Amino acid sequence: MLTSRLSRLGLGVAIALAALVSAQSASAVIIPQKGMAGVRLGMTRAKVRAVLGSPKTIFKGKNEFGSFTSFNYARVQVSFQGNQRVTNLRTQHREEKTRGGVGFGTTERLLR
């Protein structure tokens, strides 16, 4: 009986750890038209800070669409056109990739 409970406890811990590892790796994946680095299009500035922390630099400007803010991190740049919600994500970091392994620096030959 005790062995059965310990086995179930061990299985529960293993499942929880697997879910945690899966959630962490999923957040680092580029999901085209959705997000990357744990950030999703449409997130608020506060939510982005909760996910990625304080940006290294912040850039504010105006373009033909109006005011915008960009949070610059080591691996990703997060832009807020209209200063409210994420409208663009950009990376040049080679470790940010899609589940299929495509990312910055992927050659055309590899894509084919």
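The structure this text deals with has already been given above.
Residues numbered from 1 in each chain as written. Predicted model: local features only at pLDDT ≥ 70, side-chain atom pairs only at ≥ 80, totals over all residues. Heavy atoms only, no water.

J.: How would you summarise the overall build of the chain if you had to cite specific residues and measurements?
T.: On a plain count of helices and strands, the chain comes out with three helices and six strands. For the chain, the succession of helices and strands along the chain, N to C, is α-β-β-α-β-β-β-β-α. Counting every position in the chain, which comprises 112 residues, the buried fraction comes to 23%. Partitioning the contacts of the chain with sequence separation of at least 6, the portion at a separation of at least 24 is 33%. Summed over its atoms, the accessible surface of the chain is roughly 8,000 Å², and 57% of this surface lies on carbon and sulfur atoms. (Helix = DSSP H or I, 4+ residues; strand = E, 2+ residues; numbered from the N terminus. Buried < 20%, exposed > 50% of the residue type's maximum accessible area, 1.4 Å probe, protein only. Contact = heavy atoms within 4.5 Å. Areas by Shrake-Rupley, 256 points an atom, 1.4 Å probe, with all protein chains shown as cover.)

J.: Report on the nonpolar core, specifying residues and quantitative values.
T.: In this structure, Val39, Val48, Val76, Val78, Val86 and Leu89 are the most contacted members of the largest nonpolar core, which totals 13 residues. Ignoring anything within four residues of it in the chain, the contact list for Val48 reads Val39, Met43, Gly53, Phe71, Tyr73, Val78, Phe80 and Val86. (Core = buried A, V, L, I, M, F, W, Y, C linked by side-chain atoms within 4.5 Å.)

J.: Go over unusual backbone geometry with me, naming the residues and quoting the values.
T.: Phi is positive for Gln33, which is not a glycine, with a value near 70°. Within the secondary structure, Gln33 sits in the loop between α1 (2-27) and β1 (35-36). Residue Gln33 is classed as exposed on the basis of its relative accessible area, which comes to 74%. The phi dihedral of Ala37 falls on the positive side, at around 55°, and the residue is not glycine. If you trace the backbone, Ala37 turns up in the loop between β1 and β2 (39-40). The buried category is assigned to Ala37, whose relative accessible area is 13%.

J.: Run through the environment of Asn83, naming residues and quoting values.
T.: Along the chain, Asn83 falls in the loop between β5 (77-81) and β6 (88-90). Between the alpha carbons of Asn83 and Lys60 there is a distance of 8.8 Å; along the sequence they are 23 residues apart. Every residue in contact with Asn83, bar those within four places of it in the chain, is listed here: Arg45, Ser67, Phe68 and Thr69.

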